[in-house]
Every structure is written in structure tokens, then in C-alpha cells.
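Structural features, examined
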Amino acid sequence: MSAETIAQRLLTTARNYERLTESAAVIAAAAAALCACIRAGGKVLFCGNGGSAADAEHFAAELTGRFLRDRKPLAGLALVCNAPTVTAVANDYGFEAVFERQVRAIGRPGDALVGISTSGNSPNVVNALRAAGELGMVTVALTGAHDAAADAYADHRLKVPSSETPRIQEMHLAVGHILCELIEDALG
């Protein structure tokens, strides 16, 4: 790979982040909803597949541990971490149910679910968002730019301005960090 190709990748990333600034109000609204959930004693659940599963774990850890400074722990939980539950549900009900079953088991009205999917069409994430909405939870979908099935079930649609998986994942990490920082600033 040439230095010119690398420079082009970096410029594409920089342009994507510049376009992401157009979503500042949507990100702020989602952060406010997550803060309200936690203030009221609720928890924030996260789910996703592959790289999005890693992001789910990462964001939950930032809430439960700390982001930028010491503060009380906040209730964040990644639904991807419990391998026995994920594999049992996948075996007995299908992979499409792995997050939905957990949402129905531990989600309560006033809790929140952040579903992370680069396409916005991952059946297990979409099913979890639908179930969360039925339970009276706040729902946040973190997706790419295109219209997606998750849109129908999200109170807050955080659509990053790309259709390329790696670029979407880069921006999801930035949005997740911004959410964590806003939550920590408000509640820390």
C-alpha cells in the first residue's frame, strides 16, 4: 500500500467525521435519553455482532468502569458477554433470538437498549430493539447511512454517514465515546 493510498484513506475518514457533525443534535438527544434512564435507576444494555459486539462490550465497560474520570459506576451491560446464554439461546431458538431473549429476561420499562449494527439489518439486533420497545425501554440504533430495519424500532437513530463497514465502525466508536463522555459529564 502506498503512502498516497494511506493518505486517501485518512482523508476519507476525516471527511466522514466532518459529515458526522450534522448528527450532533441526534447524538445529544440520545445521550439525554440514556442519562434520564440511568438517573431513574435504569440500566443501559448494548448488543451487536462481530466488531459491533466488541463495541457493545467497550461502551458497557466505559459506563460501569470509567471514561475520563473517577465517578460512581453506571449501569451498563453488554448482552454479548455471556457465552453460555448466547449459545444456549442460539441452539434452542436460533441466533436471531440471542439478544431478544436477554432483553425480555432482564430489560425493564425505563431501561435502555443500544443496538449496534453496521447495516442496521442484523435480525438479532432488530429483534432486540423491537422487544425493548415493547417493554417500554428507550431504544437507540447505531447504524450506517442507509435505511434499515432497525430504524422502525429505534427512538433514536444514530446513522453515521457511510455505507462502508470499516468506516461505519470507526464512526460508531467515536459516537460511543461521545455518548459515554456526555453521560459521564451529566452523571459523574
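Refer to the structure above for everything that follows.
In this report, the structure presented in the accompanying data block is examined.

**A look at the pattern of salt bridges**
One pass over the full model with this rule turns up 12 salt bridges. Here Arg 130 makes a salt bridge to Glu 134, at a shortest N to O gap of 3.6 Å. Of this pair, Arg 130 and Glu 134 both sit in helix H6 (residues 123-134), 4 residues apart, which is roughly one turn of that helix. Here Arg 167 ties to Glu 170 by a salt bridge, and the two come within 3.0 Å at their closest N and O atoms. Of this pair, Arg 167 and Glu 170 are both found in helix H7 (residues 165-187), 3 residues apart, which corresponds to roughly one turn of the helix. Of the residues examined, Glu 170 reaches a relative accessible area of 27% and is grouped as partly exposed.

**Considering the sheet that holds strand E4 (residues 138-143)**
Read from one edge to the other, the open sheet built from 5 strands follows the order E2-E1-E3-E4-E5, with strand pairing classed as parallel. In this open sheet, the two edge strands, each paired with only one partner strand, are strand E2 (76-78) and strand E5 (156-159). Sheet twist, expressed as the mean angle between neighbouring strand axes with direction ignored, is 15 degrees. Note that strand E1 (residues 44-48) and E2 share 3 bridges and pair parallel. Looking at E2, one finds that Val 44 is bridged to Gly 76.

**A few points about the side chain of His 172**
Tracing the backbone through its elements, the reader meets His 172 in helix H7. For His 172, a relative accessible area of 0% corresponds to the buried category. Side-chain polar atoms of His 172 contact the backbone oxygen of Thr 143, separated by 3.1 Å. Beyond its immediate sequence surroundings of up to four residues, His 172 is in contact with Asp 55, Phe 59, Ile 116, Ser 117, Thr 118, Leu 142, Thr 143, Gly 144 and Val 160.

**Remarks on the packing of aromatic side chains**
Applying the stated rule across the entire model yields 1 aromatic pair. Between Phe 46 and Phe 59 the ring centres are 6.3 Å apart and the planes differ by 55 degrees, which places this aromatic pair in the tilted class. With a gap of 13 residues between them, Phe 46 in strand E1 and Phe 59 in helix H3 (residues 51-64) connect regions that are remote in the sequence. Phe 59 matches Phe 46 in its accessibility class, with the two residues each being buried. In this structure, Arg 101 packs its charged tip against the face of Tyr 93, placed 4.1 Å from the ring centre.

Rules used in this analysis
- Residues numbered from 1 in each chain as written.
- Predicted model: local features only at pLDDT ≥ 70, side-chain atom pairs only at ≥ 80, totals over all residues.
- Heavy atoms only, no water.
- Salt bridge = Lys/Arg side-chain N within 4 Å of Asp/Glu carboxyl O.
- Helix = DSSP H or I, 4+ residues; strand = E, 2+ residues; numbered from the N terminus.
- Buried < 20%, exposed > 50% of the residue type's maximum accessible area, 1.4 Å probe, protein only.
- Pairing = 2+ DSSP bridges.
- Axes fitted to C-alpha atoms, helices over the stretch in contact; angles between N-to-C directions.
- Polar contact = N/O pair within 3.5 Å; in protein donor to acceptor, adjacent residues only side chain to side chain.
- Contact = heavy atoms within 4.5 Å.
- Phe/Tyr/Trp six-rings, centres within 6.5 Å; stacked < 30°, edge-to-face > 60°.
- Lys NZ or Arg CZ within 6 Å of the ring centre and 35° of its normal.

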